[in-house]
Amino acid sequence: MTQKVGGGVDSVEDCRRLQRDIDRMQKWAEKWQMEFNLEKCEVVHFGRTNSKAEYKVNGRILGSVEEQRDLGVHVHRSLKVASQVDRVVKKVYRVLTFISQGKEFKQRDVMMQLYKTWVRPHLEYCIQFWSPHYRKDVEALERVQRRFTRMLPGLESMNYDQRLRLYCLERRRMTGNMIEVYKMLRGIDRVDSQRLFPRAPLLSTSGHGFKLRGGKFKGDIRGRVFTQRVVGAWNARPESVVEAYTLVKFNRLLDWYMEEFKVGVIWEAGFEGQHNIVGQRACNVLYYSMFYVLSLPGLEIAPSQNARLQWIVRSAEKIIGVSLPTITDIYTTRCIRKGNSIMKDPTHPSHKFFSLLPSGKRY
């Protein structure tokens, strides 16, 4: 059994309080006739301004270490994940070597199943906690998948994004983060979502009604914590994705959005021959961004402004060669869909603004 005791230490009184917690835990162990292995009891001091006070168990001073392993994840006192990334990469390289040397029949389906069963779980274990943010760590994990795709015969000369059509690990991490945030906000995971993800003020939101409020920090360590690094990505998602009613629908819409706008995808192909695709993506981004602004509640469009906006739509149609809905049609459709989604969701912040008519059948 593993016991962990921790807390913020900003003064001498905080050190004494933490020591009292340790003494209380020691008395509990003695009451139930258990003993702590003092050889394995260690202290990790987090923060550059930590006073590094000494703590005791049964009168013995506990040793201080730079890094500690907790549930399979190595946590460094600086909260950097370089050591965890190095260990994971070395482990999966050994697994890849075993697969390469131990299997002579390298059929594509079999190799894919081995990779998803033996390799990728190591790369994504507790990834929401130790997700890398430095480019060198991100590339170190991505090289594992690159090496695997080169192991299959006949695919060595292809680009990384053309070998097996695997999503890059960075995109999978981003998708996993969004799914976890959705589960917490919808109450699927039993956590205090109001404390972890405080909502942005309703009057300052411009998009969907589930925008989160991020904090401001001097360093980048606190800003890389899960509850802070996902705020920008979550707020940037369209309302049709964020306000999905079920997790299955949210996952499907999220995959469509990330595939449509190439979110989190590493491009390796040259720009030559891709200008039509890039132009189409850029027009789609402009087109949908314009309609997100137009669908704000209470926004009225003058006829002259409507004609100017429609000119932008016609220009986009000429570039991508596809007919697009008019400004009036898309504005009306989005407002009706937005109102229906708010009325069906009692947890939405704007649900209180809708009330039933005396008949009780219509709003």
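Residues numbered from 1 in each chain as written. Predicted model: local features only at pLDDT ≥ 70, side-chain atom pairs only at ≥ 80, totals over all residues. Heavy atoms only, no water.

## Notes on the overall build of the chain
Basically, it comes down to this: To qualify as a helix, a DSSP run of H or I must reach at least 4 residues; to qualify as a strand, a run of E must reach at least 2; elements of each kind are numbered from the N terminus. The classification of residues rests on relative accessible area computed with a 1.4 Å probe and restricted to protein chains. Under 20% of the type maximum is buried, over 50% is exposed, and intermediate values are partly exposed. We call two residues in contact whenever any of their non-hydrogen atoms come within 4.5 Å of each other.
Check the secondary structure of the chain and you find 15 helices and six strands. A buried classification covers 34% of the 363 residues belonging to the chain. A separation threshold of at least 6 residues defines the contact pool for the chain, and within that pool the share at least 24 residues apart is 58%.

## Re the pattern of salt bridges
The condition that has to hold: Whenever a carboxyl oxygen of Asp or Glu lies within 4 Å of a side-chain nitrogen of Lys or Arg, that contact is scored as a salt bridge.
Inspection of the entire model under this criterion finds 15 salt bridges. Of the charged contacts in the structure, one is a salt bridge between arginine 24 and aspartate 21, with a shortest N-O distance of 2.8 Å. Residue arginine 24 and its partner aspartate 21 are located together in helix α1 (residues 12-31), separated by three residues, close to a single helical turn. Among the residues examined, arginine 24 registers a relative accessible area of 52% and is labelled exposed. Aspartate 21 gets classed as partly exposed once you look at its relative accessible area, which sits at 24%. Measuring nitrogen to oxygen at the nearest pair gives 3.1 Å for the salt bridge that ties aspartate 137 to lysine 136.

## Topic: a positive patch on the surface
Put simply, the rule is: Nonpolar side chains (Val, Leu, Ile, Met, Phe, Trp, Tyr) are joined into patches within 5 Å and like charges within 9 Å, using only residues with over 30% relative accessible area and no salt bridge. Only the protein chains shown count as cover for residues, and all accessible areas are computed by the Shrake-Rupley method using a 1.4 Å probe. Only four residue types enter the charge count, namely Lys and Arg as positive and Asp and Glu as negative; His and the chain termini do not. One atom stands in for each charge, and that atom is NZ of Lys, CZ of Arg, CG of Asp or CD of Glu.
A cluster of basic side chains, namely Arg69, Lys90, Lys91 and Arg94, defines a positive patch on the protein surface. With three residues, helix α2 (residues 82-102) is the largest single contributor of residues to the positive patch.

## What about the packing of helix α3 (residues 108-123) against helix α5 (residues 135-151)?
Here is the rule: Helix axes are fitted only over the stretch in contact, all axes being lines through C-alpha atoms; the angle between N-to-C directions runs from 0 to 180 degrees. Oblique is the label for any angle not under 35 degrees, not over 145, and not in the 65 to 115 range, which are roughly parallel, roughly antiparallel and roughly perpendicular in turn. Two helices crossing with the near one rotated counterclockwise from the far one by less than a right angle form a left-handed crossing, whereas a clockwise rotation gives a right-handed crossing. Ten residue types, Ala, Val, Leu, Ile, Met, Phe, Trp, Tyr, Cys and Pro, are classed as nonpolar, four, Asp, Glu, Lys and Arg, as charged, and the remainder, Gly among them, as polar.
It is at 12 Å that the axes of α3 and α5 come closest, and there the two elements cross at 165°. In terms of axis orientation, α3 runs roughly antiparallel to α5. As for the relative orientation of α3 and α5, their crossing is right-handed in sense. Residues Met111, Met112, Tyr115, Val119 and Leu123 of α3 form the contact with α5, whose own contacting residues are Leu141, Val144, Gln145, Phe148 and Met151. Residue composition of the contact of α3 with α5, by class: nine nonpolar, one polar and no charged.

## Considerations on the confidence of the model for the chain
The criterion, for reference: pLDDT expresses how confident the predictor is about each individual residue, on a scale running from 0 to 100.
Taken residue by residue, the chain gives an average pLDDT of 78. The fraction at 70 or more is 78%. pLDDT under 50 marks residues 264-281. Its contacts with residues more than four places away, or in other chains, come to 23 contacts.

## Let's talk about the nonpolar core
Selection criterion: As used in this record, nonpolar core signifies buried Ala, Val, Leu, Ile, Met, Phe, Trp, Tyr and Cys residues forming a set joined through side-chain atoms within 4.5 Å.
Counting 25 residues, the largest nonpolar core has Val119, Leu123, Trp130 and Leu141 as the members making the most contacts within it. For this core, the elements supplying multiple residues, two or more each, are α2, α3, α4 (127-130) and α5. Counting residues per element, this core draws most heavily on α2, at seven residues. Those residues in contact with valine 119 that sit more than four places away from it in its chain are Val92, Val95, Leu96, Ile99, Leu114 and Val144.

## A word on the packing of aromatic side chains
The line we're drawing: Two rings belonging to Phe, Tyr or Trp (six-membered ring only in the last case) form a pair when the distance between their centres is within 6.5 Å. Interplanar angles under 30 degrees mark stacking, angles over 60 mark edge-to-face geometry, and anything in between is tilted.
Following the criterion strictly, the structure yields five aromatic pairs and no others. Judged by centre distance (6.0 Å) and plane angle (40°), the ring pair of tryptophan 234 and phenylalanine 250 falls under tilted. Of this pair, tryptophan 234 sits in helix α10 (residues 231-236) while phenylalanine 250 sits in helix α12 (residues 247-260), and the two are 16 residues apart along the sequence. For the pair tryptophan 234 and phenylalanine 250, a shared accessibility class is recorded, and that class is buried. In textbook terms, an aromatic cluster arises when at least three aromatic residues are bridged by ring pairs, as seen for Tyr182, Trp234 and Phe250.

## Here's the deal with the packing of α2 against α3
Describing two packed helices takes the angle between their axes plus the distance from one axis to the other. Their axes nearest at 9 Å, the elements α2 and α3 cross at an angle of 165°. With respect to each other, α2 and α3 are oriented roughly antiparallel. Once α2 is placed against α3, the crossing between them reads as right-handed. Between α2 and α3, the residues in contact are Val88, Lys91, Val92, Val95, Leu96, Phe98 and Ile99 and Met111, Leu114, Trp118, Val119, His122 and Leu123, respectively. Counted by class, the contact of α2 with α3 contains eleven nonpolar, one polar and one charged residues.

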